[in-house]
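Residue-level listing of the chains:
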Amino acid sequence: MSKLIIAEKPSVAKSIASALGASSRADGFYEGNGLLVSWCVGHLVSPMDAGGYDERFKKWRYDDLPILPEPFRYVLAPGKEDAFENLRALMNRPDVDTIVNACDAGREGELIFRLVYEMAGCREPVLRLWISSMEDSAIREGFSDLRPGADYEALYQSALCRQKADWLVGINATRLFSVLYHRTLNVGRVQTPTLAMLAERDAKITLFHKEKYHLLRLTLDGTEAVSEKFTDPTEAEQAAVMCKGAAVTCTSVTKEQKKEQPPKLYDLTTLQREANRLFGYTAKQTLDYAQSLYEKKLLTYPRTDSRYLTSDMAETASCVIHLAAKLPPFDSCSNFFPLVESMISDKDVSDHHAIIPTMEIEKADIKALPLGERNLFLLVCCKLLCASAESYMYEAVTAVFDCGGHSFTAKGKRILSEGWREIDRIFRAFLKEKPADGDGDTLPDFTEGQTFDGTEVAVTEHFTQPPKPYTEDTLLSAMENAGKDGIPDEAERKGLGTPATRAAIIEKLVAAGFVERKGKSLIPTKAGINLVTILPEPLTSPMLTAEWEQKLTEIAKGSTDPDAFMDGIRTMVQE
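## Description of the pairing of strand β7 (residues 96-102)
- Burial within β7 is extensive, with 6 of its 7 residues counted as buried.
- Across 6 bridges, the pairing between strand β1 (residues 2-7) and β7 is parallel. Of the residues in β7, the one forming a bridge with I5 is V100.
- For β7 and strand β8 (residues 126-128), the ladder comprises 3 bridges, and the chain directions are parallel. Bridging from a neighbouring strand, I99 pairs with V126 of β8.
- The parallel pair β7 and β8, bridged by helix α4 (residues 107-119), forms a crossover whose chirality is right-handed.

## Comments concerning the sheet that holds strand β13 (residues 392-403)
- Taken in spatial order, the 7 strands of this open sheet run β15-β12-β13-β14-β11-β10-β16, and their pairing is antiparallel. For this open sheet the edge positions go to β15 (451-452) and β16 (456-463), each flanked by a neighbour on one side alone.
- Two elements, strand β12 (residues 248-260) and β13, share 12 bridges in a ladder whose sense is antiparallel. Each residue of the ladder has a partner; that of V253, found in β13, is A399.
- With respect to the sheet, helix α8 (residues 233-243) is in contact with β10 (212-220), β13, β14 (406-417) and β16, its orientation differing from that of β10 by roughly 15 degrees.

## Some thoughts on the side chain of R128
- Examined against the element boundaries, R128 turns out to sit in strand β8.
- Its relative accessible area of 1% is what places R128 among the buried residues.
- From its side chain, R128 meets the backbone oxygen of N101 in a polar contact 3.3 Å long.
- With residues up to four places along the chain from it excluded, the contact list for R128 reads N101, A102, C103, D104, A105, G106, G109, E110, L146, R147, G149 and Y152.

## Thoughts on the pattern of salt bridges
- Per the counting criterion, the structure on display carries 38 salt bridges.
- Note that K9 and E295 form a salt bridge whose closest N and O atoms lie 3.2 Å from each other. Of the two residues, K9 sits in the loop between β1 and α1 (10-20) while E295 sits in helix α10 (residues 283-295), which places them 286 residues apart along the sequence.
- Residue classification places K9 among the partly exposed residues on the basis of a relative accessible area of 27%.
- Overall, E295 belongs to the buried group, its relative accessible area being 18%.
- Two residues, R189 and D166, come together in a salt bridge whose shortest N-O distance is 2.4 Å. One end of the pair, R189, is in the loop between α6 (153-181) and α7 (191-206); the other, D166, is in helix α6, and 23 residues separate them in sequence.
- Its relative accessible area of 8% is what places R189 among the buried residues.
- Taking relative accessible area as the criterion, D166 reaches 24% and is therefore assigned partly exposed.

Reading the values: the criteria
Residues numbered from 1 in each chain as written. Predicted model: local features only at pLDDT ≥ 70, side-chain atom pairs only at ≥ 80, totals over all residues. Heavy atoms only, no water. Buried < 20%, exposed > 50% of the residue type's maximum accessible area, 1.4 Å probe, protein only. Helix = DSSP H or I, 4+ residues; strand = E, 2+ residues; numbered from the N terminus. Pairing = 2+ DSSP bridges. Right-handed = clockwise from strand over helix to strand, strands pointing away. Contact = heavy atoms within 4.5 Å. Axes fitted to C-alpha atoms, helices over the stretch in contact; angles between N-to-C directions. Polar contact = N/O pair within 3.5 Å; in protein donor to acceptor, adjacent residues only side chain to side chain. Salt bridge = Lys/Arg side-chain N within 4 Å of Asp/Glu carboxyl O.

Take a look at the structure:
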């Protein structure tokens with residue numbers, strides 16, 4: 001008898017087949033070693049459109065709302081009929097007695113497989129392959145530890161609730177506001193509050209009134225000391241007159257030792273944010289590059305919301321760190337003794353651990369990777385090395401001076417140990433980037449009571465700055481933290497969307513013409529601002545969808561009832 005393994009994509013099926021010895025290629029599957037390995041092509045089955053439930057729903061009319069199908073019905077995704085028929089035929093083969101769900105190990109992967117399994121009317125027992133890396137060893141290890149499909153029933157229910165809730169809110173709200181305002185207005189559970197955040201920031205920038213202020217600057221031993229702000233220019237000039245020619249006295253010098261812990265490893269959101277900041281990649285580009293590196297076995301599973309590794313990975317992590325440290329430009333780091341313990345936290349890993357390179361680095365030709373993938377791969381290597389390095393230690397020095405009755409401050413720092421920042425600096429130099437922050441100059445050795453004569457005084461003019469438009473970096477951070485204030489601290493998943501869906505939400509807003517990219521900035525269009533203006537608060541507030549994400553996480557853990565969640569969604573749609 002044979003096991004049928006179903007992957008989410010052809011490239012993943014190929015890797016699984018190769019690792020497990022199913023080496024013979026047939027039409028639509030691989031075969032060998034008592035295994036058949038085939039694939040979906042993303043979502044093969046999707047919820048039926050409203051018009052499929054009733055002929056009258058094909059027209060958009062106010063009187064037909066709300067549309068609340070019960071039960072939900074599903075159809076084959078257009079253009080994917082052949083892929084589905086191939087899977088159905090394989091599931092019904094008389095020699096197949098077990099199905100292995102090898103779709104991506106997450107909420108959407110579970111949904112993709114289950115809907116195909118249900119639509120095909122398959123009743124064979126299901127086992128689940130759950131892996132975080134496409135390395136042959138990880139695939140073989142995962143295959144030796146297949147779990148019963150029933151263990152993931154709660155995850156499937158969570159995915160199903162997410163899909164149905166999005167359908168109910170999206171279809172009903174889009175039809176309602178389109179009919180009321182006589183033009184198509186796409187409303188979505190996550191995309192609308194995201195658009196509202198962009199519109200709110202845009203309004204703050206538009207309504208901003210800049211205000212002028214002045215600073216006095218003293219030059220002392222080649223260092224600059226700066227006064228408090230003066231809002232009145234006359235006052236600033238008077239102060240400058242009093243300071244000219246007056247003696248300057250150092251009134252205090254404080255020195256404080258500070259320590260910056262190494263950064264945590266990447267989850268998908270922080271990887272997308274830093275790739276946007278450093279390379280200007282969109283969230284979707286970063287996800288695509290990371291997914292491709294995952295399929296090339298060079299990175300672990302990218303759609304993760306954890307920034308830690310599990311304790312059973314300590315040895316592997318240590319090996320990978322030493323391999324990464326041999327890659328240029330990191331091979332120029334001085335005496336490097338990695339500390340793996342700080343990256344390990346079993347309680348902070350739910351479905352998948354943080355994104356790190358795999359042992360395949362040893363064999364890979366990194367220079368041969370396309371530029372986007374190479375940049376991203378080295379960025380992940382850099383983070384792994386930084387996370388395992390020593391703390392950055394420095395002494396912060398603040399010197400305060402008195403001149404003509406006015407106070408001036410000079411700040412600087414003295415580096416005691418570069419620690420992880422040495423690796424970061426080497427990587428930025430390799431990218432021809434500026435160092436991460438203005439480290440502050442080293443101040444001369446000022447002493448309390450020291451006096452200076454004949455110092456130069458200058459008055460400089462400045463303006464308050466408006467808030468900056470969102471970039472993908474800052475928007476992803478805002479989405480991740482949206483609605484946090486109203487949700488209990490122990491809530492596991494907060495914010496708008498999930499690490500895996502945020503990139504697609506931003507792309508949807510751009511494609512719908514509600515947002516446009518200007519350089520790195522994301523700016524709402526007139527149509528986007530108008531849409532947010534007319535929608536009721538529950539649809540534009542991040543609170544609602546942040547609460548939903550939390551409930552969906554609870555459903556996935558089996559601690560919240562899916563039916564009660566869906567009843568709440570239907571009630572909200574009716575209201």
